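The chain contents come next:
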Amino acid sequence: MMKRTTLAVMMTFALAATSATVAANDWKDASKDAWIDGKAETTLLLNGNLNSFTIDTDVKNGVVTLTGNVENEVDKALAEELIENLDGVRSVDNKLMVDKSAKNKNHDKNYDRNGKDGNALTDAKITTVVKTRLLFESEVSGTSINVDTKDGTVTLNGHVDSSAEKDLAMAIAKKTKDVKNVVNNLKVNH
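Residues numbered from 1 in each chain as written. Predicted model: local features only at pLDDT ≥ 70, side-chain atom pairs only at ≥ 80, totals over all residues. Heavy atoms only, no water.

S.K.: Would you mind going over the pattern of salt bridges in detail, with residue names and values included?
M.R.: Using the criterion set out here, one finds three salt bridges in the structure. The closest approach of N and O atoms between Lys95 and Asp93, which form a salt bridge, is 3.6 Å. Asp178 is the salt-bridge partner of Lys125, the closest N and O atoms lying 2.7 Å from each other. Here Asp178 lies in the loop between helix 4 (163–174) and strand 7 (181–188) and Lys125 lies in helix 3 (residues 118–136), a separation of 53 residues in the sequence. Ionic contacts of the salt-bridge type, sharing partners, join the residues Glu81, Lys125 and Asp178 into one network. (Salt bridge = Lys/Arg side-chain N within 4 Å of Asp/Glu carboxyl O. Helix = DSSP H or I, 4+ residues; strand = E, 2+ residues; numbered from the N terminus.)

S.K.: I'd like a rundown of unusual backbone geometry, residues and numbers included.
M.R.: Located in the positive-phi region is Asp151, a residue other than glycine, with phi close to 50°. Position of Asp151 among the secondary structure elements: in the loop between strand 5 (145–150) and strand 6 (153–160). The exposure class of Asp151 is partly exposed, given its relative accessible area of 39%. Although it is not a glycine, Asp178 sits at a positive phi angle of roughly 75°. You can call Asp178 partly exposed: its relative accessible area is 35%. (Buried < 20%, exposed > 50% of the residue type's maximum accessible area, 1.4 Å probe, protein only.)

This is the structure in structure tokens:
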């Protein structure tokens, strides 16, 4: 009888440990999803072409679902591209609806309304990805750095606290997908 009781107690502890591990994993997954969701919302907000649209993000196990309305297919594609390039994102379920009446007063006039201007789309994506990475890098004062992109060339302007920070910002921009060249005009504060 004693062996059965001991076995029952051991199984209870094992089950409790298993459910604690599962709960810890669920919490860890939920935290990671919340972190991705925050990055996704920030990325969309920082993009001047998309920030006046209502785009909602929902994240489950690294899969980001985009819902809301955009003005055209270019904006829909841009939102998906921006989110799918974020660290931790496994895939994007793009459920954005194209609504021609959803006029974006800040929309970049260089965009071809038929979505044919791939350079403008790529440049907008690069700018947003670089700016987001700078903001999420704790060693760089990303809010003090202006990022502009033209034909794959990223130009960094603003002030940083050290030459190491200037070099790090340059490295972040250089390793971003589709970047052809980086012009580093950052000034070091004295």
